[in-house]
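Commentary on secondary and tertiary structure
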Amino acid sequence: MSHAARLLLLSVAVAATLAACQRKEDKTQPPAKAAPAAVAPAVSNTPVGYDSKTPYATVKLTLPQAVKTTPALHAALYADMVRDLKQFEEGAQADLSEAGGGPNPYEKTIAFAPGAETAKLVSLARTDFEFTGGAHPNTSFASVIWDKTTNKRLGFADLFRPGADLSVLDKALCAAANAAKQARSPGSETATLDGKMWTCPKAVSTPFVLTPGTTPGKAGGVTFLMGPYQIGPYSDGPYWIALPQSAFRALLAPAYADQFDGAPAKAGDVTPKN
């Protein structure tokens with residue numbers, strides 16, 4: 001056998017040996033793990049609306065679609081609001097039946113609008129519109145702050161430190177509310193914290209939601225919801241006043257201080273336009 005032939009056979013043998021080793025290694029290697037599938041957030045199948053009409057009352061509930069991704073909150077809100085609306089219907093029937101009927105049925109609507117949402121918190125602004133006769137309907141506000149990690153509703157005392165000096169927050173709210181009032185009604189009487197005609201509400205007794213901000217995933221402040229007649233005549237309408245988190249950061253409870261950062265997307269008068 002020639003020298004070239006022997007070299008060719010040797011090369012083939014080495015290649016075969018290497019291939020066999022590679023196959024053996026492949027068999028001993030554990031299979032590659034598949035990338036974990038993305039877990040879709042739980043979505044509630046509770047309705048986002050309710051409406052009913054009788055000869056005595058027309059009632060309606062509207063919830064934002066976004067609330068469906070917080071099932072515990074969604075279910076609790078829907079159940080509570082529908083119960084309240086049914087009680088309103090019963091009251092309307094009793095009132096109008098006793099009065100021998102009326103020209104118009106009563107009316108009540110409850111609508112929720114989303115505020116800012118953070119890693120831990122969801123906020124919703126509630127607007128109640130109610131008409132039971134009289135010169136004009138009544139509008140009132142409430143709010144929901146919900147901790148997604150504990151599935152619990154929070155109050156003012158949960159977000160702000162117990163014993164904190166809230167006078168700073170009260171003064172900031174009063175100043176911002178007066179600025180909005182003067183913009184709407186130049187020259188109108190200023191509201192004060194101890195006013196006789198128009199009195200600024202205290203922050204602790206005013207509903208509020210989280211304010212969208214410039215830092216993703218964080219609240220830039222809080223928006224206080226003030227109804228008609230609180231700092232001005234009914235014709236002025238309601239006032240939604242957004243304060244930056246920098247104005248009250250030192251007052252926040254440590255458990256939730258990290259949910260605030262940056263500045264509000266808009267501060268001052270952020271009242272929704274109809």
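Scroll up for the structure.
Described below are features of the structure shown in this document.

Analysis parameters
- Counting restarts for each chain: residues are numbered from 1 in the order of the written sequence.
- Totals for whole chains, interfaces and linings use all residues, but because this is a predicted model, local features are given only for residues with pLDDT of at least 70 and pairs of side-chain atoms are given and counted only at 80 or more.
- Side-chain metrics rest on all non-hydrogen atoms present in the structure, leaving aside hydrogens and water.
- At least two bridges found by DSSP between two strands is the condition for calling them paired.
- Helix and strand assignments follow DSSP, with helices taken as H or I runs no shorter than four residues and strands as E runs no shorter than two, numbered in order from the N terminus.
- To obtain an axis, a line is fitted to C-alpha atoms, over the contacting stretch when the element is a helix, and the angle between two such axes runs from 0 to 180 degrees between their N-to-C directions.
- Multiplying one less than the number of residues by 1.5 Å gives the expected span of a helix.
- Residue contacts are defined here by distance: any two heavy atoms, one from each residue, within 4.5 Å place the two residues in contact.
- One side-chain nitrogen of Lys or Arg within 4 Å of one carboxyl oxygen of Asp or Glu is enough to make a salt bridge.
- Each residue's exposure class comes from its accessible area (1.4 Å probe, protein chains only) as a fraction of the maximum for that residue type: buried when under 20%, exposed when over 50%, partly exposed otherwise.

Overview of the sheet that holds strand S6 (residues 152-154)
The six strands are arranged S1-S2-S3-S4-S5-S6 in an open sheet whose pairing can be described as mixed. Two strands close off the open sheet at either side, each with one partner strand: strand S1 (49-53) and S6. Averaged over neighbouring strand pairs, the angle between their axes works out to 20° when direction is ignored.

Brief notes about helix H4 (residues 167-184)
Helix length check: H4 (18 residues) gives 26 Å between terminal C-alpha atoms against 26 Å at 1.5 Å per residue, within 8%. On its buried face, H4 sits against helix H3 (156-159), strand S8 (219-226), strand S9 (239-244) and strand S10 (268-269).

Topic: the pattern of salt bridges
For side chains bearing opposite charge, pairing can occur when the charged atoms are close. With the rule as written, the count across this model stands at seven salt bridges. With a shortest N-O distance of 3.6 Å, Arg83 and Asp84 are connected by a salt bridge. On the basis of relative accessible area, Asp84 is assigned to the partly exposed category, the value being 23%. With a closest N to O distance of 3.0 Å, Lys108 and Glu130 form a salt bridge. Here Glu130 lies in strand S4 (residues 121-131) and Lys108 lies in strand S3 (residues 106-117), a separation of 22 residues in the sequence. The buried category is assigned to Lys108, whose relative accessible area is 9%.

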